[in-house]
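The chain contents come next:
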Amino acid sequence: MKIRIHDFLNLLARWRGEHARVQDQATSANLSRLRAVAPLVAALNAVHVLIFALQLVRAPVDSNRYRWAVGLLITHLTMGLTMLAVAGLVRHLQRTHQTRWSQALTIGVALTTLVFSVAVASIDQWVTPAITPFLITCMAGGVILYLAPRVAAGMYLAAYMLFYVAMGITQHDPEQLLSNRLNGVTACLLGLLLSVLLWRKFTTITLQQSELEKVNAELYARHRELEQLTRQDGLTGLFNRTTFADLSRRELDRGQRQGSATSILLLDLDHFKRINDTWGHPAGDAVLRHIATVISTAVRSSDLVGRLGGEEFTVLLPNTSVQAARDLAEKLRQRIADAPLPWQDITTITITASIGVGATTAQEKRDFDSLYSLADKALYKAKQLGRNRVA
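Described in the following lines is the structure provided in the data block. Because the structure is a prediction, the values reported are computed rather than measured.

Of regular secondary structure, the protein chain possesses 11 helices and six strands. Its C-alpha atoms give the protein chain a radius of gyration of 40 Å, clearly above 21 Å, the size a compact globule of 391 residues would have. Taken over the C-alpha atoms alone, the protein chain extends approximately 120 × 60 × 30 Å along its principal axes. Taking as baseline every contact in the protein chain between residues at least 6 positions apart, the subset at least 24 positions apart corresponds to 73%. Put simply, the protein chain shows about 21,700 Å² of open surface, and 60% of that area lies on carbon and sulfur atoms. Mean positive and mean negative side-chain charge positions of the protein chain (42 and 31 charges, respectively) differ by 6 Å.

Written as structure tokens, this is what we have:
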């Protein structure tokens, strides 16, 4: 028995935490529902006002029927005007996003509606013992608005206490009074049960949607990471060979359409194997990352930089003539030579690079493969001429 009570208390504690997490969503949903329901309720009350106005014409002035018609006319008129005011407040709160006032409005509307139903049911006692308006409102309140169980319980308790007193004022038959009060208890309990069930369903669905959105966001992030891995070189973060070639083909097509020249630099580090043999592969990897940084900071943001593999890098230069490409290549070669890499606080690794330049105009219409081949031949020439130079 103790274990069951402990489990029940844990369940209530978990529910309280869940209810706090969905409160803002519930308030937003309630405002949307009130915006749709309030004008409809106001219209229904207007119809009731017309009907009871006609009843006043037919009823004797000193009769219960006359008092009944006057009481319901005033009650429905007041309720209709209140619902119109609620509709205006809802629009304002939806624009200003005042959460605290929105929550207060939701609770206020629910409680006010129950108070009106108590007034209608008690006035009805002058002509009929039925409490149908109170019953209908209790049921409707349980399914229209999302109310936390504690709030709903307090609201229905207050409504029943008012109902209990109001019945004693207008219903003087002891048996009928007892029956109405018992039926009022049933109406409030059913309304509370519906409210709790609706709230739990809303809480469950909202939390599931939240978890689903979280999972989708994680999957999207992982998809982007995988996509990035397929597009980038894992060591340097530059475009890999496949991606660089695809992007370069697009740039060449664009350059031909716009009538502009396009150039490419093919860069190969001199004696890179000697670096690996002397300081080890970790040093070689550090050199490759260092060179990637040097190249990326030396070119324009519109230029494409890629690592083709090993110690070979490439740069595509849109809207760049062959002479401008040579000038940039020389600048890049000098920057690499002037930026040795400190290694393990004991030495620096001197790095040089040979660079081949290839270029095409829109009239020549070279494709990527032929442009790359042109730069590769120039690179081979730079190596033959003694390395650390541009050809």
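A separate point is the state of the cysteines. Every disulfide links exactly two cysteines, by a covalent bond between their sulfur atoms. Inspection of the entire model under this criterion finds zero disulfides. Unpaired in this structure, Cys138 has its nearest cysteine sulfur neighbour in Cys188, at a distance of 4.2 Å. On the accessibility criterion, Cys138 (0% relative accessible area) is buried.

Bringing the sheet that holds strand E2 (residues 304–309) into the picture now. Ordered by their spatial adjacency, four strands build an open sheet running E2-E3-E1-E6, and the pairing between neighbours is antiparallel. Of all strands in the sheet, those bounded by a partner on one side alone are E2 and strand E6 (353–360). If you compare each strand with its neighbour and ignore which way they point, the axes differ by 20° on average. Alignment of E2 against strand E3 (residues 312–318), held across five bridges, turns out to be antiparallel. Residue pairing in the sheet places Arg307 in a bridge with Phe313 of E3.

Another point: the pairing of strand E1 (residues 262–269). A large share of E1 lies buried, amounting to eight of its eight residues. Judged from the seven bridges that link them, E1 and E3 form a sheet pairing that is antiparallel. Note on E3: the bridge partner recorded for Leu267 is Phe313.

Now for a nonpolar patch on the surface. On the surface, a nonpolar cluster with roughly 290 Å² of combined accessible area is contributed by Leu77, Leu81 and Leu84. As for its position among the elements, Leu77 is in helix H2 (residues 64–96).

Overall, the coordinates contain eight aromatic pairs when judged by the stated rule. Taken together, a centroid distance of 4.4 Å and an interplanar angle of 10° make the contact between Phe134 and Phe163 stacked. Remark: Phe163 occurs in helix H5 (residues 149–170) and Phe134 occurs in helix H4 (residues 132–144); sequence separation between them is 29 residues. Accessibility expressed as a relative area gives 0% for Phe134, which makes it buried. Measuring from ring centre to ring centre gives 6.2 Å for Trp199 and Phe202, while their planes differ by 40°; the resulting arrangement is tilted. In this pair, Trp199 and Phe202 both sit in helix H6 (residues 174–231), three residues apart, roughly one turn of the helix.

Viewed as axis vectors pointing N to C, helix H8 (residues 272–279) and helix H9 (residues 281–298) meet at an angle of 135°, and their least axial separation amounts to 6 Å. By the angle between their axes, H8 is oblique relative to H9. Residue-level inspection shows Phe272, Ile275, Asn276 and Trp279 of H8 in contact with H9, the latter providing His281, Ala283, Gly284, Val287 and Leu288. Residue composition of the contact of H8 with H9, by class: six nonpolar, three polar and no charged.

If you look at the biggest cluster of nonpolar residues, it comprises 34 residues, and the most contacted ones within it are Met83, Phe134, Cys138, Tyr156 and Phe163. Every element with two or more residues in this core is listed here: helix H1 (2–58), H2, helix H3 (99–124), H4, H5 and H6. For this core, the element with the highest residue contribution is H5, accounting for eight residues. Beyond its immediate chain neighbours, meaning those up to four positions away, Phe163 contacts Val118, Ala121, Ile131, Phe134, Asn180, Arg181 and Gly184. Among the nonpolar cores identified, the runner-up in size contains 32 residues, and Ala283, Ala325, Ala329 and Ala353 belong to it.

This next bit is on H5. Over its 22 residues, H5 runs 31 Å from end to end, which matches the ideal 32 Å to within 8%, given 1.5 Å per residue. Restricting attention to buried positions, one finds in H5 the residues Ala152, Met155, Tyr156, Ala159, Tyr160, Phe163, Ala166, Met167 and Thr170. In an axial view of H5, the angular spread of the buried residues amounts to 135°, which keeps them on one side of the axis. Opposite its buried face, H5 presents the exposed residues Arg150, Leu157, Met161 and Ile169, each directed more than 90 degrees away.

Right, let's get into the pairing of E6. Looking along a regular strand, one sees side chains alternate from face to face of the sheet. When you tally the buried positions in E6, you get eight out of eight residues, the bulk of the element. Here E6 shows no split at all, with Ala353, Ile355, Val357 and Ala359 on one side and Ser354, Gly356, Gly358 and Thr360 on the other all buried. Strand direction decides the pairing type here: E1 and E6, joined by eight bridges, are antiparallel. Within E6, the residue paired with Leu267 across the bridge is Ile355.

Right, let's get into the pattern of salt bridges. Overall, the coordinates contain 11 salt bridges when judged by the stated rule. Residues Asp369 and Arg249 are paired through a salt bridge, measuring 3.5 Å at the closest nitrogen-oxygen approach. With a gap of 120 residues between them, Asp369 in helix H11 (residues 368–384) and Arg249 in helix H7 (residues 241–258) connect regions that are remote in the sequence. Two residues, Asp268 and Lys383, come together in a salt bridge whose shortest N-O distance is 2.7 Å. Here Asp268, found in strand E1, pairs with Lys383, found in helix H11; they are 115 residues apart in sequence, far enough to count as distant. Just as Asp268 is buried, Lys383 falls in that class too. Shared partners join several salt bridges into a network, and the residues in it are Asp246, Arg249 and Asp369.

What counts, and where the lines are drawn
Residues numbered from 1 in each chain as written. Predicted model: local features only at pLDDT ≥ 70, side-chain atom pairs only at ≥ 80, totals over all residues. Heavy atoms only, no water. Helix = DSSP H or I, 4+ residues; strand = E, 2+ residues; numbered from the N terminus. Rg over C-alpha atoms; globule rule 2.2 N^0.38 Å. Contact = heavy atoms within 4.5 Å. Areas by Shrake-Rupley, 256 points an atom, 1.4 Å probe, with all protein chains shown as cover. Lys, Arg positive; Asp, Glu negative; His and termini not counted. Charge placed at Lys NZ, Arg CZ, Asp CG, Glu CD. Disulfide = S-S within 2.5 Å. Buried < 20%, exposed > 50% of the residue type's maximum accessible area, 1.4 Å probe, protein only. Pairing = 2+ DSSP bridges. Axes fitted to C-alpha atoms, helices over the stretch in contact; angles between N-to-C directions. Patch = residues over 30% accessible without salt bridge, like charges linked within 9 Å, V, L, I, M, F, W, Y side chains within 5 Å. Salt bridge = Lys/Arg side-chain N within 4 Å of Asp/Glu carboxyl O. Phe/Tyr/Trp six-rings, centres within 6.5 Å; stacked < 30°, edge-to-face > 60°. Parallel < 35°, antiparallel > 145°, perpendicular 65-115°, else oblique. Nonpolar A, V, L, I, M, F, W, Y, C, P; charged D, E, K, R; others polar. Core = buried A, V, L, I, M, F, W, Y, C linked by side-chain atoms within 4.5 Å. Expected span 1.5 Å × (residues − 1). Arc of directions from axis to C-beta.

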